[in-house]
Amino acid sequence: MNTAADDYFLLFGLERTMAIELAELTQRYHRLQSEFHPDRFAGATSLQRQAALQHASRINDAYATLKKPLSRAAYLVSLYGVDVHTETDTAMPVDFLMQQLEWREALEEADDDTTRAALRSEISSARDTVVGAATAALAKFVAAGSEGQESQEVYDLLRRWIYLEKLMAPENFSGNLAK
């Protein structure tokens, strides 16, 4: 059984779900930070100060992870033993990879803001579609207890989301790409 020490959702008193209200998460973060901030332990023993520092660091890590949808999704599936950040797994459907290459080439060749904006809109739409599918698949995945076909579907969708998120990086749309 996981404890708040090893489950970011439990640490913040939240359900394991993608549907997190950011305002509520932020409020809980500030409450926990004020409770465990190392400055509150200035007069404590060295061991107590160290424990407070470690706990505050864990709270910061948890907040940074849960406030961003992609990192929240990757963390959520990691709680069930699925690692979507496997760097050695480069297997993706050929059509998806070809689309990635086409978009990257188009971005490299784009020489005006209008073209880059159109590409950004197209890629953003594709990402939003994947995010919607991933969110729905994650809900089924968690409800099923991470068993069965849902595991592979979630893995595949999150890998696509990661690729699309990297493609959406601001530097890809700055117009300063090396040609």
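Residues numbered from 1 in each chain as written. Predicted model: local features only at pLDDT ≥ 70, side-chain atom pairs only at ≥ 80, totals over all residues. Heavy atoms only, no water.

## What to know about the packing of helix 5 (residues 94-109) against helix 6 (residues 113-143)
Consideration 1: Between helix 5 and helix 6, the least distance of the axes is 11 Å, while the angle of their chain directions is 160°. Here helix 5 is positioned roughly antiparallel relative to helix 6, judged by the angle of their axes. Viewed along their axes, helix 5 and helix 6 form a crossing whose handedness is left-handed. Between helix 5, through Q99, W103, A106 and L107, and helix 6, the contact on the second element is made entirely by L119, E122, I123 and A126.
Consideration 2: Residues of the contact of helix 5 with helix 6, tallied by class, amount to six nonpolar, one polar and one charged. (Axes fitted to C-alpha atoms, helices over the stretch in contact; angles between N-to-C directions. Helix = DSSP H or I, 4+ residues; strand = E, 2+ residues; numbered from the N terminus. Parallel < 35°, antiparallel > 145°, perpendicular 65-115°, else oblique. Left-handed = near helix turned anticlockwise from the far one by under 90°. Contact = heavy atoms within 4.5 Å. Nonpolar A, V, L, I, M, F, W, Y, C, P; charged D, E, K, R; others polar.)

## Remarks on a negative patch on the surface
Consideration 1: Together, E102, E105, E108 and E109 make up a negatively charged patch on the protein surface.
Consideration 2: You can see E102 is positioned in helix 5.
Consideration 3: Judged by relative accessible area, E102 falls into the partly exposed class, the value being 46%. (Patch = residues over 30% accessible without salt bridge, like charges linked within 9 Å, V, L, I, M, F, W, Y side chains within 5 Å. Areas by Shrake-Rupley, 256 points an atom, 1.4 Å probe, with all protein chains shown as cover. Salt bridge = Lys/Arg side-chain N within 4 Å of Asp/Glu carboxyl O. Lys, Arg positive; Asp, Glu negative; His and termini not counted. Charge placed at Lys NZ, Arg CZ, Asp CG, Glu CD. Buried < 20%, exposed > 50% of the residue type's maximum accessible area, 1.4 Å probe, protein only.)

## Quick word on the packing of helix 2 (residues 22-36) against helix 3 (residues 46-66)
Consideration 1: Packing of helix 2 against helix 3 leaves a shortest axis separation of 9 Å and a crossing angle of 170°. Judged by the inter-axis angle, helix 2 sits roughly antiparallel to helix 3. In contact with L25, T26, Y29, L32, Q33 and F36 of helix 2, helix 3 contributes A52, H55, A56, I59, N60, Y63 and L66.
Consideration 2: The residue inventory of the contact of helix 2 with helix 3, partitioned by class, reads nine nonpolar, four polar and no charged.

## Side note on the packing of aromatic side chains
Both the distance between ring centres and the angle between the ring planes are used here to describe each pair of aromatic rings.
Consideration 1: Overall, the coordinates contain five aromatic pairs when judged by the stated rule.
Consideration 2: A centroid spacing of 4.4 Å and a plane angle of 15° characterise the contact between Y8 and Y75, whose relative ring orientation is stacked. Of this pair, Y8 sits in helix 1 (residues 8-11) while Y75 sits in helix 4 (residues 69-78), and the two are 67 residues apart along the sequence.
Consideration 3: Of the residues examined, Y75 reaches a relative accessible area of 13% and is grouped as buried.
Consideration 4: Taken together, the ring pairs connect Y8, F9 and Y75 into an aromatic cluster.
Consideration 5: The side chain of R16 reaches across the aromatic face of Y80, ending 5.3 Å from its centre.
Consideration 6: The ring of F173 has R120 lying over it, and the distance from NZ or CZ to the ring centre is 4.8 Å. (Phe/Tyr/Trp six-rings, centres within 6.5 Å; stacked < 30°, edge-to-face > 60°. Lys NZ or Arg CZ within 6 Å of the ring centre and 35° of its normal.)

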